[in-house]
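# Inside the fold
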Amino acid sequence: MSIIRTVHGRQIFDSRGRPTVEVDIILENGASARASVPSGASTGTHEAHELRDGDASVFDGLGVTSAVEHVNGEIAAALHGHDVDDQRAIDERLRNLDGTSTLSRLGANAVLGTSLAVCRASAVASGLPLYRRIAQLAGVDEPVLPMPMVNILSGGLHAGRGMDVQDFLAVPVAATSALEAIQLTSRVRAAAAGLCAERGLPTLLADEGGLSPGCRTGEEALELITESILAAGLQPGTDIAIAIDVAAASLYDSEAGDYHLRRQERHLSTAEMIDMVSSWVDRFAIVSIEDPLDEDDWAGWQTLTKRLGHRIRLIGDDLFTTNSERLARGISQGVANGVLVKVNQNGTLTGTLDVVAEARAAGYAPVVSARSGETEDDFLADLAVGTAAGQIKIGSVRNSERLAKYNQLVRIAEDPTLGFRNLPALALTADGGR
Ligand SMILES: O=C(O)[C@@H](CO)OP(=O)(O)O
Ligand SMILES: [Mg+2]
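The structure contained in this document is the topic of the report that follows. (Residues numbered from 1 in each chain as written. Chains lettered and ligands numbered in written order. Predicted model: local features only at pLDDT ≥ 70, side-chain atom pairs only at ≥ 80, totals over all residues. Heavy atoms only, no water.)

### With respect to helix α8 (residues 298–308)
Note on helix geometry: an α-helix contains 3.6 residues per turn, so any two residues three or four positions apart are oriented the same way. Taken together, the buried positions of α8 are W298, G300, W301, L304, T305 and L308. Across the axial projection of α8, the buried residues extend over an arc of 150 degrees, all falling on one side. In this structure, α8 carries A299 and K306 as exposed residues pointing more than 90 degrees from its buried face. Close packing links the buried residues of α8 with α7 (270–283), β13 (313–316) and α9 (324–332). (Buried < 20%, exposed > 50% of the residue type's maximum accessible area, 1.4 Å probe, protein only. Helix = DSSP H or I, 4+ residues; strand = E, 2+ residues; numbered from the N terminus. Arc of directions from axis to C-beta. Contact = heavy atoms within 4.5 Å.)

Take a look at the structure:
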């Protein structure tokens, strides 16, 4: 038994300098733990609701004063005297207290910060590394270090729409350890920066630390990342594979009912989008594509999955929003074969673990993911290991809020009992490589 004495919330800042929620839990025995909450830019419509103050005179309306007040008021009162070892009961209590399906009353940011801090407090009190505590909660016998997919080139809402597609990422499939995985992608990152500089392309950083060279088409960006892999002395496909996050919901024009590629002044139908990404898969060493279509284009996703689902991972982010019901719909309709896992899209740790379990049971690959707005909290590294998710997506190796997670993976890797998830099987088999 590890009983909560105090729950204390405060406002801190995220990597875009925007307010976010941090929560401290102090136990009767004096142990304490802390967690903070990330925030997206290319958010899915169906995500849990992050409570913002809306008062434009304070932080452009992005303040979290009410969310913090809810932590220090209703949530603190409700959890006082509860046992942090009972994560599921606490998360249910938080959901019931909020009373809405999207956590819009107390705020998913208030609820999530508390939920994550509870888990960490339980780990601290029981003397377990956080990933071991998460493995207990997730019913995982063998935690495993994840294969990272690392942001090299950025566009979309993370880079002032300098490119239409949001992320081009490197997946170090030849790596045999977490350390080697990070080293290999760092080499590609450095080679890409070198090529951009040589060609007079911008080398400034996007929100997740990727470069935003402003390529006009997806093909140009794919050629650039392929050349960067080669320039790093590595082979595309065998050493480093390519992953893409199209973030197509931010391209979708709901009035016209098509996708607007602004850099090319082109409008594409769903069928044309499918043709375009299929041609990329034919030409480049691509192992996964996230959100190639809009979050509500279920029919398009079905067609796309029939066409490409046996060749690569098709990952739903805005499509599933780490939501059990939406994932269940996808599974029953043969839509996608992978799911991005973001704690703040769901709102509680237990809800997030349930989505991972649901994905695994259906052979959908879970990819634990950060948001474009992050803090120095490294919870996600332990989450990916503890759930044995197999893959993690936390941005570039160039920013401290991302490095906090990469470096935590390196520390966790000191546990000699842990294996490292090698990717080819993971990416290309229908059972998530298990
Ligand atoms: O689309 C995504 O996958 C994420 C992280 O890259 O972006 P955001 O947090 O802005 O939703
Ligand atoms: Mg995404």
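### Description of the state of the cysteines
Per the counting criterion, the structure on display carries zero disulfides. C215 provides the cysteine sulfur closest to C196, a residue in no disulfide bond, and the two sulfurs are 7.2 Å apart. Here C196 falls in the buried class, since its relative accessible area comes to 0%. (Disulfide = S-S within 2.5 Å.)

### Describing the sheet that holds β13
Taken together, nine strands build an open sheet; the order of strands is β5-β16-β15-β14-β13-β12-β8-β7-β6 and the sheet is mixed. Because the sheet does not close on itself, it has two edges, and the strands there are β5 (147–148) and β6 (150–154). Summarising the sheet, β5 and strand β16 (residues 391–393) pair through two bridges and their orientation is parallel. What sits directly across from M147, in β16, is Q391. (Pairing = 2+ DSSP bridges.)

### Description of the layout of surface pockets
Its boundaries defined by the atoms lining it, the largest pocket holds a volume of some 370 Å³. Taken together, 23 residues form the lining of the largest pocket, with R95, S101, N346, T348 and G351 sitting closest to its centre. When grouped by side-chain class, the residues that make up the lining of the largest pocket number three nonpolar, 13 polar and seven charged. The calculated volume of the second largest pocket comes to roughly 220 Å³. Residue lining of the second largest pocket: 13 residues in total, with S39, G40, T43, E47 and E50 positioned closest to the centre. Here the residues of the lining of the second largest pocket sort into two nonpolar, seven polar and four charged. (1 Å grid on protein atoms, 1.4 Å probe; cavity = no way out; pocket = protein on both sides within 12 Å on 5 of 7 lines; lining within 4 Å. Points joined across faces, edges and corners; volume = space filled by probe spheres on them. Nonpolar A, V, L, I, M, F, W, Y, C, P; charged D, E, K, R; others polar.)

### Description of the packing of aromatic side chains
Here the structure, examined in full by the defined rule, presents four aromatic pairs. Taking the centre distance of 6.5 Å and the plane angle of 55 degrees together, the rings of F320 and Y364 count as tilted. With F320 in the loop between β13 and α9 and Y364 in the loop between α11 (349–361) and β15 (365–369), this residue pair connects regions lying 44 residues apart in the sequence. As far as burial versus exposure is concerned, F320 and Y364 are alike and both buried. Three or more aromatic residues link up through ring pairs in this structure, and these residues are W298, F320 and Y364. (Phe/Tyr/Trp six-rings, centres within 6.5 Å; stacked < 30°, edge-to-face > 60°.)

### A closer look at the coordination of the magnesium ion (ligand 2)
Listed as protein donors to the magnesium ion (ligand 2) are D245 (OD), E290 (OE) and D317 (OD); their distances from the metal cover 2.0 to 2.2 Å. Under the relative-accessibility criterion, D245 is labelled buried at 0%. (Donors = N, O, S within 2.8 Å, 3.2 Å for Na, K, Ca; no water.)

### Description of the pattern of salt bridges
Close approach of charged atoms lets side chains of opposite charge pair. A full pass over the atoms with the stated rule returns 24 salt bridges. Where D24 meets R34, a salt bridge forms, and the shortest distance between an N and an O atom there is 2.7 Å. Residue D24 is found in strand β2 (residues 19–27), and its partner R34 is found in strand β3 (residues 32–36); the two are separated by ten residues along the sequence. The partner of R283 in a salt bridge is E223, and the shortest N-O contact between them spans 2.8 Å. Here E223 lies in helix α6 (residues 218–231) and R283 lies in helix α7, a separation of 60 residues in the sequence. For R283, a relative accessible area of 52% puts it in the exposed group. Here the salt bridges share partners, and the residues they tie into one network are R10, E22, D24 and R34. (Salt bridge = Lys/Arg side-chain N within 4 Å of Asp/Glu carboxyl O.)

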